[in-house]
Amino acid sequence: MADFFEASRGTWLNRRAVHHLDFQDDEAADSNLIIEPFNADDPAVESICAALNISSTESSGGARFWWESNIKKGVRNDDYAAVVIDVPNTSNPRKGYLLRDVGYVEKQSVLSTYDFADDGILTITTRYDTNVGVERCWFVTDQVRMRVSSVQCLDGVSMTTYCTEFRCPSDEDIRSIAMQAQSLKANTPAPII
């Protein structure tokens, strides 16, 4: 999971479609997803582990997630944020627990299980009081991620979500590309007409 978080570091353009299988309208929207991994010595590890009665010594770190408007960069709202702590299975590092400060469906601290399949697809299962959420996530390339999820209540699946996420270049990346382009231009002879 630590490797998955690190591979996910940065800002992603999240393009999603949400299908409500009840009486709500479907939704489609774009947003930015910012992911910042951290080590086990981060203060969030202790507080979230304590909230879920799990020893913080079992954690290997975690990540912070923010969803923000892709039009108003840098405007962050705690209602669209989460902190996730990784507690790997000591006998099989492809499995473990994710501890989240606030659940996506029910606004309380939650414990999820995770499992990486042989092909690298990550499956996260979260059991809430009244429903179960299942999310699958994988990298198509190091610049493109896919996520699909469902929420199942006692009377069946109530919502499905499909996301394609594209890695956004940082300001430093853009400056570097611009400098490379200027250097190429300066070192390329003018065409003969």
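Source: prediction; values computed, not measured.

About the cut-offs
- Residues numbered from 1 in each chain as written.
- Predicted model: local features only at pLDDT ≥ 70, side-chain atom pairs only at ≥ 80, totals over all residues.
- Heavy atoms only, no water.
- Pairing = 2+ DSSP bridges.
- Helix = DSSP H or I, 4+ residues; strand = E, 2+ residues; numbered from the N terminus.
- Axes fitted to C-alpha atoms, helices over the stretch in contact; angles between N-to-C directions.
- Contact = heavy atoms within 4.5 Å.
- Expected span 1.5 Å × (residues − 1).
- Buried < 20%, exposed > 50% of the residue type's maximum accessible area, 1.4 Å probe, protein only.
- Salt bridge = Lys/Arg side-chain N within 4 Å of Asp/Glu carboxyl O.
- Phe/Tyr/Trp six-rings, centres within 6.5 Å; stacked < 30°, edge-to-face > 60°.
- Lys NZ or Arg CZ within 6 Å of the ring centre and 35° of its normal.

**What about the sheet that holds strand β9 (residues 144–153)?**
Line of reasoning, step 1. Taken together, ten strands build a closed barrel; the order of strands is β1-β2-β3-β4-β5-β6-β7-β8-β9-β10 and the barrel is antiparallel. Strand-to-strand twist in this sheet, taken as the mean axis angle between neighbours without regard to direction, amounts to 25°.
Line of reasoning, step 2. Where strand β4 (residues 81–89) and strand β5 (residues 92–100) come together, six bridges link them in antiparallel fashion. Residue pairing across strands places V84 opposite R100, the latter belonging to β5.
Line of reasoning, step 3. Packed onto the sheet, helix α2 (residues 43–51) meets β2 (27–38), β3 (61–68), β4 and β5 and runs at close to 80° relative to β4.

**Description of helix α3 (residues 171–186)**
Line of reasoning, step 1. Helix length check: α3, at 16 residues, gives a terminal C-alpha distance of 23 Å against a target of 22 Å (1.5 Å per residue), a fit within 8%.
Line of reasoning, step 2. Counting buried positions along α3 gives zero out of 16 residues, so the element sits mostly on the surface.

**Side note on the pattern of salt bridges**
Line of reasoning, step 1. Across all of its chains, the model carries seven salt bridges by this definition.
Line of reasoning, step 2. The salt bridge partner of E6 is R9, with a shortest N-O separation of 2.7 Å.
Line of reasoning, step 3. According to the relative accessible area criterion, E6 is partly exposed, its value standing at 43%.
Line of reasoning, step 4. Of the charged contacts, one joins E165 and R145 as a salt bridge, the two residues approaching to 2.8 Å between their closest N and O atoms. Residue E165 is located in strand β10 (residues 156–167), and its partner R145 is located in strand β9; the two are separated by 20 residues in the primary sequence.
Line of reasoning, step 5. The exposure class of E165 is buried, given its relative accessible area of 0%.

**What to know about the packing of aromatic side chains**
Line of reasoning, step 1. Counted under the stated rule, the structure contains six aromatic pairs.
Line of reasoning, step 2. Taking the centre distance of 6.2 Å and the plane angle of 70° together, the rings of F5 and F65 count as edge-to-face. Of this pair, F5 sits in helix α1 (residues 2–7) while F65 sits in strand β3, placing them 60 residues apart in sequence.
Line of reasoning, step 3. On the accessibility criterion, F5 (6% relative accessible area) is buried.
Line of reasoning, step 4. The class for F65 is buried, based on a relative accessible area of 13%.
Line of reasoning, step 5. Ring geometry for Y114 against F116: centres 6.0 Å apart, planes inclined by 75°, an arrangement best described as edge-to-face.
Line of reasoning, step 6. Ring pairing ties together the aromatic residues F4, W12, Y114, F116 and F139, which thus form one cluster.
Line of reasoning, step 7. Here the guanidinium or amino end of R145 rests over the ring plane of W12, the centre of that ring lying 5.4 Å away.
Line of reasoning, step 8. Sitting over the ring of F139, R145 keeps its end group 5.9 Å from the ring centre.

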